[in-house]
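# Summary of structural features
Chain by chain, the residues run as shown.
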Amino acid sequence: MMGTDLSTIPHSLDHEVEYLNVGILNQNKNVVVVTLDRRGKRNAVNAKMWKEIGYVFSRLGRSGDGCRAILLTGAGKDFCAGIDVMDPLFQMAAEDDVARSAISFMPKILEMQQCLTTVEKCPVPVICAVHGNCIGAGIDLACCADVRLSSLDAIFSVREVRVGLAADVGTLQRLPKIVGHSSRVRELCLTGSNFDASEAHRIGFISRVASVNLVGDALKLCCDIAALSPVAVTSTKTSLNYSRDHTVQEGLEHIALHNSIALQSEDLIKSFTMDGEKPNFVELLPHSKL
């Protein structure tokens, strides 16, 4: 279990969602804590919760809320027990014509993919603290985070193949790039076998195992990131994501273009001239929209 009481005040998004708790950390107003909260269902994700994840992460760090780092965790005994297969909204409508049924159902899969991709595309780093079970959709979600930590009791599984389907919302695409261990990734995905925190660390899926205080370790990382230049941090995340999906040369050209602008920020001067003191960086502006 996690072992740390998260003292937060409600974020403005908190009242708009039912199955997520969205709070601003009392000790650091630049850190937002997002907690999956269907603890009676072991945080299994139903359709509404799925859409709420997309809604919240498409807004955090973009609205001028001062968010510079996000802790993603789960309430209760588990991080996430997977998709709630009992939710009828996840079922394919009965239709005699297979082609028409497929054309109808595919947009739902794409929408589900996009909801989780908002975590990956969130402009600020997302630190995922995993405890208990992290199964199926839990792995999909964790794969979208920037950094993953876990407790000793964490159990992971790409479970989909055991219930008769191929994982289709991101694990098969992201996990091999995170881990870089093709043989073991394929074994885990093809068998749906459990793997524990020790193995998750060994293959590089998580950064480290917190033996005492998972949330404390994750919050320290969030606070360390939040103390840095928000321009530098969001630029770094953007470049890492871009470079993962492009050639080295394309990544170099991308960061060169980006830094030709970003290096003119006042944050660079502040970082060099504060002489050991904590710089007071100006918050990022809200993202413009029509």
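Below is a short write-up of the structure. (Residues numbered from 1 in each chain as written. Predicted model: local features only at pLDDT ≥ 70, side-chain atom pairs only at ≥ 80, totals over all residues. Heavy atoms only, no water.)

Looking now at the nonpolar core. Val34, Phe57, Ile70, Phe156 and Phe205 are the most contacted members of the largest nonpolar core, which has 55 residues in total. Ranked by size, the runner-up nonpolar core spans 19 residues in total, among them Leu149, Ala218, Cys222 and Val233. (Core = buried A, V, L, I, M, F, W, Y, C linked by side-chain atoms within 4.5 Å. Buried < 20%, exposed > 50% of the residue type's maximum accessible area, 1.4 Å probe, protein only.)

Here the focus is the state of the cysteines. For the coordinates displayed, the defined rule picks out 0 disulfides. You can see Cys80 has no disulfide; the closest cysteine sulfur is in Cys134, sitting 6.8 Å from it. Under the relative-accessibility criterion, Cys80 is labelled buried at 0%. Of all cysteine sulfurs, the one in Cys223 lies closest to Cys222, which takes part in no disulfide; the gap is 6.8 Å. The class for Cys222 is buried, based on a relative accessible area of 0%. (Disulfide = S-S within 2.5 Å.)

Moving on, we come to the pattern of salt bridges. Overall, the coordinates contain 16 salt bridges when judged by the stated rule. Across the salt bridge formed by Glu120 and Arg244, the nearest N and O atoms sit 2.8 Å from each other. With Glu120 in helix 2 (residues 98–121) and Arg244 in helix 8 (residues 230–244), this pair connects stretches of sequence that are 124 residues apart. Exposure remark for Glu120: the relative accessible area of 9% places this residue in the buried category. (Salt bridge = Lys/Arg side-chain N within 4 Å of Asp/Glu carboxyl O. Helix = DSSP H or I, 4+ residues; strand = E, 2+ residues; numbered from the N terminus.)

Those residues of helix 4 (residues 171–179) not exposed but buried are Thr171, Arg174, Leu175 and Val179. Along helix 4, the residues classed as buried sweep out an arc of 115 degrees about the axis, all on the same side. The secondary structure elements touched by the buried residues of helix 4 are helix 2, helix 3 (137–144) and helix 5 (182–191). Two residues or fewer past helix 4, Gly180 is found with a positive phi of approximately 65 degrees. (Arc of directions from axis to C-beta. Contact = heavy atoms within 4.5 Å.)

What follows deals with the pairing of strand 5 (residues 126–130). With 5 of 5 residues buried, strand 5 is to be regarded as a mostly interior element. Alternating residues of strand 5 divide into Val126, Cys128 and Val130 and Ile127 and Ala129, and every residue in both groups is buried. Pairing between strand 4 (residues 69–74) and strand 5: 3 bridges, direction parallel. Counted as the bridge partner of Ile70 is Val126 from strand 5. Crossover strand 4 to strand 5 through helix 2 is right-handed. As defined by bridge partners, strand 5 adjoins strand 7 (residues 147–151) across 4 bridges and the pair is classed as parallel. Bridge pairing in strand 7 links Val130 to Ser150. (Pairing = 2+ DSSP bridges. Right-handed = clockwise from strand over helix to strand, strands pointing away.)

What follows concerns the sheet that holds strand 7. Within the open sheet, the 7 strands sit side by side as 1-2-3-4-5-7-10. Their pairing is mixed. Bordering the open sheet on either side are strand 1 (8–10) and strand 10 (208–210), each of which pairs with just one other strand. If you compare each strand with its neighbour and ignore which way they point, the axes differ by 30 degrees on average. Looking at chain direction, strand 7 and strand 10 are connected through 3 bridges and run parallel. Considered in strand 10, the bridge of Ser150 is made with Val209. (Axes fitted to C-alpha atoms, helices over the stretch in contact; angles between N-to-C directions.)

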